[in-house]
Amino acid sequence: MSNADKVFTGSIPGIYDTYFVPLIFSDFADDIATRVAALSPSALLETAAGTGAVTRAVAAALPQGFRYVATDLNEPMLAIAAQRQGEDHRISWRQADASALPFDDAEFDVVCCQFGAMFFPDRVKAYAEAKRVLKPNGTFLFNVWDRIEENVFAHDVTMTLGKLFPDDPPRFMARTPHGYFDQAIIRADLERAGFGDVSIEIRPALSRAPTPDLVAFAYCQGTPLRSEIEIRDATKLQAATDAVAEAIRMRHGSGPVEAKIQALVITARR
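None of these values were measured; they are calculated from a predicted model. (Residues numbered from 1 in each chain as written. Predicted model: local features only at pLDDT ≥ 70, side-chain atom pairs only at ≥ 80, totals over all residues. Heavy atoms only, no water.)

Turning our attention to the side chain of Asp156. Tracing the backbone shows Asp156 in helix H5 (residues 152-164). For Asp156, a relative accessible area of 8% corresponds to the buried category. (Helix = DSSP H or I, 4+ residues; strand = E, 2+ residues; numbered from the N terminus. Buried < 20%, exposed > 50% of the residue type's maximum accessible area, 1.4 Å probe, protein only.)

Attention now goes to the packing of aromatic side chains. As enumerated under the stated definition, the model contains 17 aromatic pairs in all. When the ring of Phe25 is compared with that of Phe115, the centres are 5.5 Å apart and the planes differ by 50°; the resulting orientation is tilted. Of the two residues, Phe25 sits in helix H1 (residues 12-39) while Phe115 sits in the loop between strand E4 (108-114) and helix H4 (123-133), which places them 90 residues apart along the sequence. Judged by centre distance (6.4 Å) and plane angle (40°), the ring pair of Phe119 and Phe172 falls under tilted. Separated by 53 residues along the polypeptide, Phe119 in the loop between E4 and H4 and Phe172 in helix H6 (residues 172-175) bring together distant segments of the chain. On the basis of relative accessible area, Phe119 is assigned to the buried category, the value being 17%. Its relative accessible area of 2% is what places Phe172 among the buried residues. Put simply, the rings of Tyr16, Phe20, Phe25, Phe28, Phe115, Trp145 and Tyr219 touch in pairs and so form one group of aromatic residues. Cation over ring: Arg123 sits above Tyr180, and NZ or CZ is 3.8 Å from the ring centre. (Phe/Tyr/Trp six-rings, centres within 6.5 Å; stacked < 30°, edge-to-face > 60°. Lys NZ or Arg CZ within 6 Å of the ring centre and 35° of its normal.)

With that out of the way, let us pick up the packing of H1 against helix H3 (residues 75-85). Each packed pair of helices is defined by two parameters, the angle between the axes and the distance between the axes. It is at 9 Å that the axes of H1 and H3 come closest, and there the two elements cross at 45°. By the angle between their axes, H1 is oblique relative to H3. The hand of the H1/H3 crossing is right-handed. Facing H1, whose interface residues are Pro13, Gly14, Tyr16 and Asp17, H3 presents Pro76, Met77, Ile80 and Arg84. (Axes fitted to C-alpha atoms, helices over the stretch in contact; angles between N-to-C directions. Parallel < 35°, antiparallel > 145°, perpendicular 65-115°, else oblique. Left-handed = near helix turned anticlockwise from the far one by under 90°. Contact = heavy atoms within 4.5 Å.)

What follows covers H5. Its 13 residues give H5 an end-to-end C-alpha distance of 19 Å, which sits within 8% of 18 Å, the value for a rise of 1.5 Å per residue. For H5, the complete set of buried residues consists of Val152, Phe153, Ala154, Asp156, Val157, Thr158, Thr160, Leu161 and Gly162. Looking at the buried side of H5, the elements it contacts are H6, strand E6 (197-209), helix H8 (212-221), helix H9 (225-232), helix H10 (237-252) and strand E7 (257-269). (Expected span 1.5 Å × (residues − 1).)

Next up on the list: the pairing of strand E5 (residues 134-145). Moving residue by residue along a regular strand, the side chains alternate between the two faces of the sheet. Across the 12 residues of E5, nine count as buried, placing the element largely inside the fold. Of the pairings in the sheet, the one linking E4 to E5 comprises six bridges and is parallel in character. Across the sheet, the residue bridging to Phe108 is Leu134, located in E5. Pairing between E5 and E7: seven bridges, direction antiparallel. Paired with Phe142 across the bridge in E7 is Ile266. (Pairing = 2+ DSSP bridges.)

Put into structure tokens, the structure is as follows:
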């Protein structure tokens, strides 16, 4: 993983939250919220909260009287999350590295994380930190994207950009968001971190958008893929976005479009 894969700055956080979150994250955020609510935590920690898709869903699913700490390494993303959530006395926001959490041992009933583990430079260390801050019998709940071939729009985007930049294809989507899907590796990482009770569920869903152009804009300009395109040729960002839109239009139609997305949902108990 390149260091640039973790950089969400400039206009990216706003575009990400406005377009990319509804496109692929909302359904899975609701799923995480339902699973968290079933655990009835009194103290909940979220790592890699991003712009707060899970935070908003969990806050809506849980009653008053619980403590919720939402963290992210990237402060611009967290600022949007806090602004979107509005005043909520249950929630506190904190910039934090999932691999070095600034919390006491056994402080939380549940640690959750949506589509963040793929970005952790040392996953075993981050998992060990989640275990450390969990109370006895606490639960670590997170999801990751399945292989890119099971996530149709992401694969369409990657293949199209590969044709546009054949000598140096932008591979962010395949390398990082869809680069950590091997269930044996995920189990092994969690076991090395000290978790013994691990379950992994495959969860498919549909990604929907009103137009192919929105899909292309979300992927090409609302993720670090934008930086990969601009590094290759800063003048081609819009041309790349247009090429992706046309490829999706040719495959999925010119009106409202939908395609399969798929994730793995992992539950590890302390």
